[in-house]
Amino acid sequence: WEPPPVRSGSGSGSGSPLLPPGPTPPPAPRRFASLLIRAWRQNMRNRGLNAIRLLGSVGQALMFAELFRSVRDDRSVAGSVADRVALLSFGVINTCMLATMKTLDLFGREKAVVTRERMRSQYTALEYLTSKALAEIPVDAVFGGAFAAVLRARTGLRTSLPVLAGTFALLSASGAALGFAVGSVSPDAESALALGVPLMVVLMAVGIINPSGVDPVAGPPPIILRWLRAASPIRWCVEALVLAEFRDLSFGGGGGQGWGWGGGRWRDLPRMGGLALVRDGNDVLGALGLGSGTYRGALGGLAVLTGTALALSWAGLSWMGPSFVEWG
């Protein structure tokens, strides 16, 4: 070891030692490309995990299709109103939870390595977050799309496959972005899961639709619940899928087993709460408080929430990250 060089007459005193200059970082495009390649290789090396996730998505779609057997092309549409709402809700909760929990675990396990590399000024928070999002979110969207494709093939859902698969893919991206946001403010994987699981339970509770309908006498919910609902990807996705499923839906389908004020079989009547006397899909949306909503509006809310979660992830990595640089 040799002492650092000394510059005479510098600063307030003569003989102040100077720290050796750190390595010059490569250009930003090269740093980003290296991060993106590393993140993509991590995904490709987890072949076993990806295979398990794909099998799990397909298996859960098959299970939901068997649980809600009333949602079939040869069954009464009116008799399956509540089951259609429940099927879409369970599918949304399942997809969002899987994407969020996977990202929380991955992001938390990488936090120590990322902190050390950023302390050495190897890259910025934005470069790391963008590379992870580009590498992780498309893979999560594939699993969401696979779940939707199997669910559409095995049930009598009215929503088209492109709409169903695209909505579930965007939900997977939103769940992953939410995992990034929670992981960015957590010191490790255990803390991320400890914070993320209760948060997901709250967002699930405020995001699901009550099949018994909306009580017009109860009035609007408290403002804190309205904020939580606005921050719930489950809420936006459930509303988008319910709007796509029931808008202008006629109960005369399902093999002629529908009903109406003009006649029909009583056993085909809707059988739950506020949905007991609906005559078509628009009546269902009105009973659920979605009469004035649109699919594009709900999907736009989900997209905005995804972008907001990514922005919060950037802020969390920047503000909660290292504040000094180690020189070696």
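In short, a report on the structure.

What about the side chain of Arg84?
Part 1 of the argument: Mapping Arg84 onto the fold places it in helix α3 (residues 81–119).
Part 2 of the argument: Aside from chain neighbours lying at most four places away, what touches Arg84 is Val71, Arg72, Val77, Gly156, Leu157, Arg158, Glu245 and Phe246.

Considering the packing of aromatic side chains
Part 1 of the argument: In the structure shown here, the tally under the stated rule is five aromatic pairs.
Part 2 of the argument: For the ring pair Phe64 and Phe147, a centre distance of 6.1 Å and an interplane angle of 85° mean the geometry is edge-to-face. On the criterion of sequence distance, the pair formed by Phe64 in helix α2 (residues 47–67) and Phe147 in helix α4 (residues 125–154) is long-range, its members being 83 residues apart.
Part 3 of the argument: On the basis of relative accessibility, which here comes to 8%, the residue Phe64 falls in the buried class.
Part 4 of the argument: The exposure class of Phe147 is buried, given its relative accessible area of 1%.
Part 5 of the argument: Both rings, one in Phe147 and one in Phe168, keep their centres 5.4 Å apart while their planes meet at 65°; by these two values the pair is edge-to-face. Here the residue Phe147 occupies a position in helix α4, and Phe168 occupies one in helix α5 (residues 161–184), the gap between them amounting to 21 residues. Phe168 carries the same exposure label as Phe147, and that label is buried.

Notes on the packing of α5 against helix α8 (residues 233–246)
Part 1 of the argument: Packing of α5 against α8 leaves a shortest axis separation of 10 Å and a crossing angle of 175°. Judged on the interaxial angle alone, α8 and α5 are roughly antiparallel. Contacts between α5 and α8 involve Val163, Leu164, Thr167, Phe168, Leu171, Ser174 and Leu178 from the former and Pro233, Cys237, Ala240, Leu241 and Ala244 from the latter.
Part 2 of the argument: The residue makeup of the contact of α5 with α8, split by class, is 10 nonpolar, two polar and no charged.

Structural notes on the nonpolar core
Part 1 of the argument: Counting residues in hydrophobic clusters, the biggest one holds 47 residues, and the most contacted among them are Val92, Phe168, Val242, Phe246 and Phe251.
Part 2 of the argument: Mapped by element, the contributors of at least two residues to this core are α2, α3, α4, α5, α6 (189–207), α8, α9 (281–287) and α10 (295–319).
Part 3 of the argument: If you tally residues by element for this core, the top one is α8, at nine residues.
Part 4 of the argument: Beyond its immediate chain neighbours, meaning those up to four positions away, Val92 contacts Phe168, Leu171, Ile234, Cys237, Val238 and Leu241.

Thresholds, definitions, all that
- Residues numbered from 1 in each chain as written.
- Predicted model: local features only at pLDDT ≥ 70, side-chain atom pairs only at ≥ 80, totals over all residues.
- Heavy atoms only, no water.
- Helix = DSSP H or I, 4+ residues; strand = E, 2+ residues; numbered from the N terminus.
- Contact = heavy atoms within 4.5 Å.
- Phe/Tyr/Trp six-rings, centres within 6.5 Å; stacked < 30°, edge-to-face > 60°.
- Buried < 20%, exposed > 50% of the residue type's maximum accessible area, 1.4 Å probe, protein only.
- Axes fitted to C-alpha atoms, helices over the stretch in contact; angles between N-to-C directions.
- Parallel < 35°, antiparallel > 145°, perpendicular 65-115°, else oblique.
- Nonpolar A, V, L, I, M, F, W, Y, C, P; charged D, E, K, R; others polar.
- Core = buried A, V, L, I, M, F, W, Y, C linked by side-chain atoms within 4.5 Å.

Structural measurements only, silent on function.
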